[in-house]
Amino acid sequence: MPDAGPEEPRVVVDERKALPGRGAWVHPTTACLDLAVRRRAVPRALRVTAPLDLTRVRESLER
């Protein structure tokens with residue numbers, strides 16, 4: 001049985017803009033994402049202190 005501890009934060013791309021929870025807007029360019037990563041804006045916007053994996057966001061932007 002898995003540990004019932006708090007779930008780790010994860011980032012998903014909400015293309016339909018319908019998922020519940022806190023969101024962060026990023027212009028649909030990799031340059032904007034790179035700038036947000038450099039400025040540590042995404043964790044700050046989402047109010048998390050844990051490092052975030054933005055691989056899915058980058059893959060979505062590159063499509």
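Just so it is clear, the model here is predicted, and its values are computed rather than measured.

Participant: What is the right way to read unusual backbone geometry from this model?
Facilitator: In terms of backbone geometry, most residues other than glycine have negative phi values and most peptide bonds are trans. The backbone of Lys17 shows a phi angle near 60°, a positive value even though the residue is not glycine. Unlike most non-glycine residues, Arg40 shows phi in positive territory, near 55°. Tracing the backbone through its elements, the reader meets Arg40 in the loop between helix H1 (30–38) and helix H2 (41–46). Owing to a relative accessible area of 63%, Arg40 belongs among the exposed residues under this scheme.

Participant: Looking at this structure, how should I read the pattern of salt bridges?
Facilitator: A side chain with one charge can pair with a side chain of the opposite charge if their charged atoms come near. This structure, assessed with the given rule, holds 1 salt bridge. Here Arg58 and Asp34 are joined by a salt bridge, their closest N and O atoms 2.8 Å apart. Here Asp34 lies in helix H1 and Arg58 lies in helix H3 (residues 55–62), a separation of 24 residues in the sequence. Owing to a relative accessible area of 32%, Asp34 belongs among the partly exposed residues under this scheme.

Participant: Explanation requested: the side chain of Ser60 in the structure shown.
Facilitator: The residue Ser60 is located in helix H3 in this model. Classification of Ser60 as buried rests on a relative accessible area of 17%.

Participant: Explain H1 to me, please; I cannot follow it from the model alone.
Facilitator: Turn by turn, an α-helix covers 3.6 residues, leaving residues three or four places apart pointing in a common direction. Considered for burial, the residues of H1 that qualify are Cys32, Leu33 and Ala36. In a view along the axis of H1, the buried residues occupy a sector of 100°, so they form one face of it. For H1, the exposed residues lying more than 90 degrees away from the buried face are Ala31 and Arg38. Just downstream of H1, Arg40 is the residue with a positive phi angle, here 55°.

Rules used throughout
Residues numbered from 1 in each chain as written. Predicted model: local features only at pLDDT ≥ 70, side-chain atom pairs only at ≥ 80, totals over all residues. Heavy atoms only, no water. Helix = DSSP H or I, 4+ residues; strand = E, 2+ residues; numbered from the N terminus. Buried < 20%, exposed > 50% of the residue type's maximum accessible area, 1.4 Å probe, protein only. Salt bridge = Lys/Arg side-chain N within 4 Å of Asp/Glu carboxyl O. Arc of directions from axis to C-beta.

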